[in-house]
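Listed below, chain by chain, are the residues.
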Amino acid sequence: KLGQWASMRPDLFSPEVIQALATLRNQAPQHSEAHTRAMVRVAFGREVEDVFEAFTAEPCASGSVAQVHRARLRESFLEERGLEGLDFRDV
């Protein structure tokens, strides 16, 4: 995290250092699909297919704290939690 922060501080570090540290922000290693599926099971107690009607196995972003996948929740999953009708575009 310190390296990521430093990579955004050209007022403190040389361009060479900024360039070298920038890879910590935009080239973070991705974890496996199996790991992602295991984390969904831990978080929701269900398989990916039971939670999401659409889920891209390939992440669209990856950082030091999280990995991002495009997905669409199943309406039934929202209904079970009393969240039906919630418009996630506003979140």
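Anyway, here's the lowdown on the structure attached to this text. (Residues numbered from 1 in each chain as written. Predicted model: local features only at pLDDT ≥ 70, side-chain atom pairs only at ≥ 80, totals over all residues. Heavy atoms only, no water.)

Regarding the overall build of the protein
Then, number 1: Counting secondary structure elements, the protein contains five helices and four strands.
Then, number 2: Seen in sequence order, the protein has helices and strands lined up from the N terminus as α-α-α-α-β-β-β-β-α.
Then, number 3: Taken along its principal axes, the extent of the C-alpha atoms in the protein is 55 × 30 × 20 Å.
Then, number 4: With 91 residues in all, the protein has 20% of them scored as buried.
Then, number 5: Counted over contacts in the protein with a minimum sequence separation of 6, partners at least 24 positions apart contribute 29%.
Then, number 6: Within the protein, the 14 negative side-chain charges are centred at a point lying 4 Å from the centre of the 11 positive side-chain charges. (Helix = DSSP H or I, 4+ residues; strand = E, 2+ residues; numbered from the N terminus. Buried < 20%, exposed > 50% of the residue type's maximum accessible area, 1.4 Å probe, protein only. Contact = heavy atoms within 4.5 Å. Lys, Arg positive; Asp, Glu negative; His and termini not counted. Charge placed at Lys NZ, Arg CZ, Asp CG, Glu CD.)

Focus on the environment of S7
Then, number 1: Position of S7 among the secondary structure elements: in the loop between α1 (2-6) and α2 (15-26).
Then, number 2: For S7, a relative accessible area of 3% translates into the label buried.
Then, number 3: The spacing of S7 and Q19 is twelve residues in sequence and 7.2 Å in space, taken between C-alpha atoms.

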